[in-house]
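This is what each chain is made of:
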Amino acid sequence: LTHHFFITRNGLFVLLFDLRLSLAESRVEYWMETIHSRTQDALVLLVGTHADVVTPATVLRRNEEVAANLLPNYPSIVILKETDRGGGELPGEECKSLYFLATDCQAGKGTHLVGEALFRLAQVHQRLVPLSYMSLQALLDEKRGELEAKDLPPVIGWEEVMRLIKTSGERSWPTRGDGGPDVGWLRTALRFLHDS
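Rules of the game
Residues numbered from 1 in each chain as written. Predicted model: local features only at pLDDT ≥ 70, side-chain atom pairs only at ≥ 80, totals over all residues. Heavy atoms only, no water. Helix = DSSP H or I, 4+ residues; strand = E, 2+ residues; numbered from the N terminus. Expected span 1.5 Å × (residues − 1). Contact = heavy atoms within 4.5 Å. Polar contact = N/O pair within 3.5 Å; in protein donor to acceptor, adjacent residues only side chain to side chain. Buried < 20%, exposed > 50% of the residue type's maximum accessible area, 1.4 Å probe, protein only. Pairing = 2+ DSSP bridges. Axes fitted to C-alpha atoms, helices over the stretch in contact; angles between N-to-C directions.

**Student:** Mind showing me how you'd approach helix 2 (residues 56-70) here?
**Tutor:** Helical geometry: 3.6 residues make up each α-helical turn, so side chains three or four residues apart lie on a common side. The end-to-end C-alpha distance of helix 2, which contains 15 residues, comes to 20 Å, matching closely the 21 Å that a straight helix rising 1.5 Å per residue would cover. The elements touched by buried residues of helix 2 are helix 1 (28-38) and strand 2 (43-49).

**Student:** Would you take a moment to explain the side chain of Thr-49 for this structure?
**Tutor:** Among the secondary structure elements, Thr-49 is positioned in strand 2. A distance of 2.9 Å separates a polar atom in the side chain of Thr-49 from a polar atom in the side chain of His-50. With near-sequence residues (within four places) excluded, Thr-49 lies in contact with Leu-16, Phe-17, Asp-18, Leu-19 and Thr-103.

**Student:** Looking at this structure, how should I read the pairing of strand 2?
**Tutor:** Along any regular strand, the residues point their side chains to alternate faces of the sheet. Among the 7 residues in strand 2, 6 count as buried, and that is most of the element. In this structure, strand 1 (residues 12-18) lies alongside strand 2, joined through 7 bridges in parallel fashion. The partner of Asp-18 across the bridge, within strand 2, is Thr-49.

**Student:** Where do I start with the sheet that holds strand 3 (residues 101-102) in this structure?
**Tutor:** Taken in spatial order, the 3 strands line up as 1-2-3 in an open sheet, and their pairing is parallel. Only two strands of the sheet have a single partner each, and these edge strands are strand 1 and strand 3. Here 2 bridges tie strand 2 to strand 3, and the two strands are oriented parallel to one another. Note that in strand 3 the partner of Gly-48 across the bridge is Ala-102. The strands touched by helix 1 within the sheet are strand 1 and strand 2, with strand 1 carrying the most contacts at an inclination of about 165°.

Following this line, the structure appears as C-alpha cells:
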C-alpha cells in the first residue's frame, strides 16, 4: 500500500505480505485496519510473496491465520475461487478456501494470476456513474482551467460552486424551489467525484 491519501472508497487494493513471516510480523492487520477505517467498500486482494522459499504447510498456516484473524473483521478481503489458484502451480491447492495468492516473483510463478484476478475484480467492482455527475465534473474542470490560466490556485468555495451550478443552464441536475441545486445531490456528487 501507499500513503493514506490514496485510500478511497471505490478502491481495489493489493496488499502484499511476506509468506516467510507471520501476518503480525508483516503488519497485514495494520494495513487492513488502515483501509477499513477509511472505507468499507473497497476490495482487498491479499498476495503472499516468497512462495518459492516456504513449504506448502507454511502457506496453509498463513491461510489459516487469515481465516482466523482477518476475515471476521475485514469482509472486504477477496476470497479466491479454485480457478484463481493456478492449477497446482503454487502451494495452496489443498486449501478448501484460499484467501490470498501465493507468488514467486523470481521464477515468475503466480504473478500472472494477480493480474488476472485484478482484471476480473475490476470488472465486477465497477460503479455506474450518473450522467449528471459527469456534467458537474466537466463544469468544475472548466472552472479549474480558468483559474489555472490566471495562475490562481484551483480552489473555489461552496458559494462559488452553488453559483456556477445555478448559472450553468444544465437541466439534468436536481434543483430546489429557487432554481439552485439540490444540496443533498450536490454533496453526494462531490463526494463521489472526490472519492473516484
